[in-house]
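# Structural description and commentary
Each chain, letter by letter, is given below.
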Amino acid sequence: MKRVLVTGGAGFIGSYLCEELLKAGHDVICLDNFFTGSKRNIISMMDDKNFELIRHDITMPIFLEVDRIFHFACPASPVHYQYNPVKTVKTNVMGTINMLGMAKRVKARILQRHPRFTAIRRCIPKKKAIGEMSTRSAAQLLRRRQTRCRNADDGLLSPEPC
């Protein structure tokens, strides 16, 4: 059993991940400031003895002892990140710095959700799911496709579909 931190755990994806981790028997710490997350997403887990909710803004350091970190804190909806773009940038930059620092300090493994997840998802070939690839080949594919998408966004390449 691992002690797992899920930042943005009250969000749509984070709450689902919290549920799955609890089903797998892990101790789950859900960290959220409820800027875009909702208590409705996690209410069913509140009575679970292996679930802990911490209301905290990820832009401020926090000191926890964990084995794994799933860093999903990010206002992902255009409605939310356009409402407060400075908060979005602070969440992405300072939140990531804080989580990487924690991972280094406690020697935890970390998985970070990329802020441009939808763009990356579009860049994956439809016929080949990542589950069918090795981790290394999936990472290489995403890097190549991300660069191509980024260059297309900047006008450096002809805008072919990613």
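Above this note sits the structure.
Throughout what follows, the structure given in this document is the object of discussion. (Residues numbered from 1 in each chain as written. Predicted model: local features only at pLDDT ≥ 70, side-chain atom pairs only at ≥ 80, totals over all residues. Heavy atoms only, no water.)

### Looking at helix α1 (residues 12-23)
Quick reminder of the rule: To qualify as a helix, a DSSP run of H or I must reach at least 4 residues; to qualify as a strand, a run of E must reach at least 2; elements of each kind are numbered from the N terminus. Given the number of residues in a helix, its expected span is that number minus one, multiplied by 1.5 Å. Exposure is judged per residue with a 1.4 Å probe applied to protein chains only, and the accessible area is read against the type maximum: over 50% gives exposed, under 20% gives buried, and values in between give partly exposed. Note that the arc is defined by the directions from the helix axis to the C-beta atoms. Residue contacts are counted whenever heavy atoms from the two residues lie within 4.5 Å of one another.
The terminal C-alpha atoms of α1, which comprises twelve residues, lie 17 Å apart, in line with the 16 Å expected from a rise of 1.5 Å per residue. Among the residues of α1, those classed as buried are G14, S15, L17, C18, L21 and L22. Axial view of α1: buried residues confined to an arc of 160°, hence all on one face. Among the exposed residues of α1, those oriented more than 90 degrees off its buried face are F12, Y16 and K23. Buried-residue contacts for α1 involve β1 (3-7), β2 (27-32), β3 (51-55) and β4 (68-71). Immediately downstream of α1, the backbone of G25 shows phi near 95°, a positive value.

### What about the side chain of D32?
Heads up, the condition is: In this tally Asp and Glu are treated as negative and Lys and Arg as positive; neither His nor the chain ends contributes. Just to be clear on terms, a salt bridge is a Lys or Arg side-chain nitrogen sitting within 4 Å of an Asp or Glu carboxyl oxygen. We define a polar contact as two N or O atoms separated by no more than 3.5 Å, with the added condition that, inside protein, one atom must be a possible hydrogen donor and the other a possible acceptor, whereas residues neighbouring each other in sequence contribute only through side-chain atom pairs.
Locating D32 in the fold gives a position in strand β2. Buried and unpaired, D32 has no salt bridge, with R55 as the nearest side chain of opposite charge at 7.7 Å. At 2.7 Å, the side chain of D32 and the backbone nitrogen of F34 are in polar contact. In contact with D32, not counting residues within four places along its chain, are G8, G9, A10, G11, G37, I54, R55 and H56.

### As for the packing of aromatic side chains
Filter applied, for reference: For Phe, Tyr and Trp, where Trp contributes only its six-membered ring, two rings pair if their centres lie within 6.5 Å, and the inter-plane angle classes them as stacked under 30 degrees, edge-to-face over 60, or tilted in between. Charge-over-ring contacts are defined here by two conditions on Lys NZ or Arg CZ: a distance within 6 Å of the ring centre and an angle within 35 degrees of the ring normal.
Under the definition given, this model contains one aromatic pair. Ring geometry for F70 versus F72: centroids 6.4 Å apart, planes at 80°, classification edge-to-face. By relative accessible area, F70 is classed as buried at 18%. In this structure, K39 packs its charged tip against the face of F34, placed 5.6 Å from the ring centre.

### Some thoughts on the environment of T59
Checked against the element boundaries, T59 lands in the loop between β3 and β4. Taking relative accessible area as the criterion, T59 reaches 10% and is therefore assigned buried. Taking C-alpha positions, T59 is 9.8 Å from V89, a pair spaced 30 residues apart along the chain. If we skip the residues at most four places from it in the chain, T59 touches K90, T91, M94, G95 and N98.

### Remarks on the pattern of salt bridges
According to the stated counting rule, one finds two salt bridges in the structure shown. For E20, the salt bridge goes to K23, with nearest N and O atoms at 3.4 Å. Here the residue E20 and the residue K23 both occupy positions in helix α1, the gap between them amounting to three residues, near one helical turn. The exposure class assigned to E20 is partly exposed, which follows from its relative accessible area of 30%. One salt bridge connects E65 with R105, and the closest N-O pair in it is separated by 3.2 Å. You can see E65 sitting in the loop between β3 and β4 and its partner R105 sitting in helix α3 (residues 85-106), a full 40 residues away along the chain.

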